[in-house]
Amino acid sequence: MTLTSKKWLMGAGVVSVGAIASTLFSLEHDWHLFSITTLMIGGTLLFVDVRQSLAAVMARPQQINRQYLLDKLQQVEQAIAKLADPSKRQTLSEQAQQITNNLQKNHFRIVVFGMGAAGKTSLINALLGARVGKNGAEIGTSDRKEYGYRDASSAGFNFINPDKDSKLKRQISLLDTSGLQEMGAIGQQREKEAIQLAQAADLLVFVTVGDLTSIEYRELTNLAKLGKRVILAFNKTDLYLPSDRTAILSKLKASTYEFLAEQDIVAIAAQPSPIKVTVNDETLQEWWENMPPDIGQLRERIESILSYEWEELLIHNTELQIESLLQQIHSSLNAERRQNAKAVIERYQIIAATTVFANPIPALDLLAGAAINTQMLIDLGKIYECPISFKQSQQFAITIAKQLVQLGCVEIATSAIASCLKVNAITYAIGGSLQAATAAYLTHIGGNSFLTYLEQNPQLAIEKNWQSVDNLLALQKISQRTFQALQSDRFVMDFVSIVSNRLSQQFAEHYLPQERQAL
């Protein structure tokens, strides 16, 4: 914790002056009030500065380094272990292990990305100095290919800042991807996979053959929004006149200036067209001569980035991959939890219906008495690993109930359900069927409202300020949206049909035998 020297001197100076003055004049004058005031002023200045410094330290974000990411990956594994589906656990665990391996092995992935026939494979060949992929492939024929190296030096990259103190050996992989805008279902699947690879890249080389198309611009901006490090490579420049080449480069820089640095836009010719050589000796001889790749600008830019930004980019993109993986895990976990929660809600809505069916209650007490079941909310909290007390559950239930009353939910539901019950002569003839179906319907709304509330932020329910106005207001808004979403005629009709059938079964199984015995 560091205090500013200016405030230190000011506070210490005021205290010192006050102390000296008090010592000199305290024998003859009543200076004690002056000395106390002076000490209070100086102490206040120091206290304020200490407090500000402490607040700054507490507000400072945690440093993100390799150890932080490894700790985060342990949390990922713990979250994966909560999934019930073994296939999903295995798939997600393999992804987490791949991220861990790349981080521990200092593995840097460069993905070559772009439209079909943009020359991506030719560029890979040129970077490697060897023909490893098929050139001139038609659109739809390129699959993902990864070319790995034991270390960066064997890839032919020369580091300006080799970081000799690092004990981690650098490894590089070059990944070739399928092109964008490929035809058919297979092409669309390949395009999706290519975009996923680009999003997971540590460094992205986006290849184009001219001014950006709308599709290229869209994907490039999406990747830039993710914080991806992108080099835009204008390929096949040998096909353009110098003036046209300069004009296209200017357009590329102008259209991407908001998210790409000018030095990250380079001109290359990964596989220049052969030139015709004519020798007019004693006999006229002609042949086509292949030209060497012209990728000097791109190679220099890659070397510069790898030299100075390797660690930063690797850390940043590993964090992005972890966050993406956590989203997948939470999505799968919520799907499983929602399935279990739906079963709990269904059980309690039938309990509410049968209870009210057996003991009809006044309409005004219907919502508070049957629709919002406190124990149901407690059970839902357990499913989402969000334990709540009986007192908390009561407060949440009251909040939902008040919101539904304000929306006129009881009246609207009763009216809608009454019209639905008229199509079922058996249940319509049963006196308590209307209230029973309404109780089940309101329980369904209340349960789904709390379910959504837990999914959006499960920690809110167990925090100390769970009774805050903002917290309960959020629950009210969710209740309103849930009611609006579940009041369509089709949903009410289907819901009432299910509940009425259950009530008819229970009526036939329990009440009719009792009446026959009484007769």
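Owing to the predicted nature of the structure, the values given are computational and were not obtained by experimental measurement.

Quick rundown of the overall build of the protein chain? Include the residues and the values.
Along the protein chain, the regular secondary structure elements total 17 helices and 8 strands. Burial analysis of the protein chain (519 residues in total) assigns 43% to the buried set. Taking the intrachain contacts of the protein chain between residues at least 6 apart in sequence as the baseline, contacts between residues at least 24 apart amount to 77%. Accessible surface, the protein chain as shown: approximately 28,700 Å² in total, 54% of it carbon and sulfur.

Describe in detail the pattern of salt bridges, supporting the description with residues and values.
Counting across every chain of the model gives 11 salt bridges. Between Glu 385 and Lys 82 there is a salt bridge whose closest N-O contact spans 3.0 Å. Pair noted here: Glu 385 is in the loop between helix H11 (374-383) and helix H12 (390-406) and Lys 82 is in the loop between helix H3 (66-80) and helix H4 (86-104), with a separation of 303 residues, a long-range link. A relative accessible area of 43% means that Glu 385 is categorised as partly exposed. For Arg 229, the salt bridge goes to Glu 309, with nearest N and O atoms at 2.9 Å. On the criterion of sequence distance, the pair formed by Arg 229 in the loop between helix H7 (214-225) and strand S5 (230-234) and Glu 309 in helix H9 (residues 296-358) is long-range, its members being 80 residues apart. Under the relative-accessibility criterion, Arg 229 is labelled buried at 17%. Residue classification places Glu 309 among the buried residues on the basis of a relative accessible area of 18%. Ionic contacts of the salt-bridge type, sharing partners, join the residues Arg 229, Asp 264, Arg 301 and Glu 309 into one network.

Quick one: what's the story with the packing of aromatic side chains, residue by residue and with numbers?
Note on aromatic pairs: each is described by the distance of the centres and the angle between the planes. Under the defined criterion, the tally for this structure stands at 7 aromatic pairs. Look at Phe 396 and Phe 450: their rings are 5.4 Å apart centre to centre, the planes differ by 45 degrees, and that puts the pair in the tilted class. Residue Phe 396 is located in helix H12, and its partner Phe 450 is located in helix H15 (residues 433-456); the two are separated by 54 residues in the primary sequence. Among the residues examined, Phe 396 registers a relative accessible area of 0% and is labelled buried. The class of Phe 450 is buried, set by a relative accessible area of 0%. Among the aromatic residues, ring-to-ring pairing joins Phe 396, Phe 450 and Tyr 453 into one connected group.

Please set out the nonpolar core residue by residue, giving values where relevant.
In terms of nonpolar packing, the biggest core is built from 27 residues, with Met 376, Leu 377, Leu 380, Ile 388, Phe 396, Ile 445 and Phe 450 touching the most fellow members. If you tally residues by element for this core, the top one is H15, at 7 residues. The residues touching Met 376, leaving out its near neighbours within four places in the chain, are Val 344, Ile 345, Tyr 348, Thr 443, Gly 446 and Gly 447. Core analysis: the second largest hydrophobic core is formed by 26 residues, Leu 127, Ile 268, Ile 295 and Leu 313 among them.

Just give me the short version of unusual backbone geometry, but keep the residues and values in it.
For Asn 106, which is not glycine, the phi torsion reads 60 degrees and is therefore positive. Tracing the backbone through its elements, the reader meets Asn 106 in the loop between H4 and strand S1 (107-114). On the accessibility criterion, Asn 106 (2% relative accessible area) is buried. One non-glycine residue, Lys 236, lies in the positive phi region at around 65 degrees. Looking at the secondary structure, you find Lys 236 in the loop between S5 and helix H8 (242-255). A relative accessible area of 29% places Lys 236 in the partly exposed class.

Can you tell me about the packing of H12 against helix H16 (residues 469-485), naming the residues and giving the values?
Contact pair H12 / H16: the axes reach a minimum separation of 9 Å and the direction vectors enclose 50 degrees. One way to sum up the angle between H12 and H16 is to call them oblique. Viewed along their axes, H12 and H16 form a crossing whose handedness is right-handed. In contact with Gln 395, Phe 396, Thr 399, Ile 400, Gln 403 and Leu 404 of H12, H16 contributes Leu 472, Leu 475, Gln 476, Ser 479, Gln 480 and Phe 483.

The rules behind the values
- Residues numbered from 1 in each chain as written.
- Predicted model: local features only at pLDDT ≥ 70, side-chain atom pairs only at ≥ 80, totals over all residues.
- Heavy atoms only, no water.
- Helix = DSSP H or I, 4+ residues; strand = E, 2+ residues; numbered from the N terminus.
- Buried < 20%, exposed > 50% of the residue type's maximum accessible area, 1.4 Å probe, protein only.
- Contact = heavy atoms within 4.5 Å.
- Areas by Shrake-Rupley, 256 points an atom, 1.4 Å probe, with all protein chains shown as cover.
- Salt bridge = Lys/Arg side-chain N within 4 Å of Asp/Glu carboxyl O.
- Phe/Tyr/Trp six-rings, centres within 6.5 Å; stacked < 30°, edge-to-face > 60°.
- Core = buried A, V, L, I, M, F, W, Y, C linked by side-chain atoms within 4.5 Å.
- Axes fitted to C-alpha atoms, helices over the stretch in contact; angles between N-to-C directions.
- Parallel < 35°, antiparallel > 145°, perpendicular 65-115°, else oblique.
- Left-handed = near helix turned anticlockwise from the far one by under 90°.

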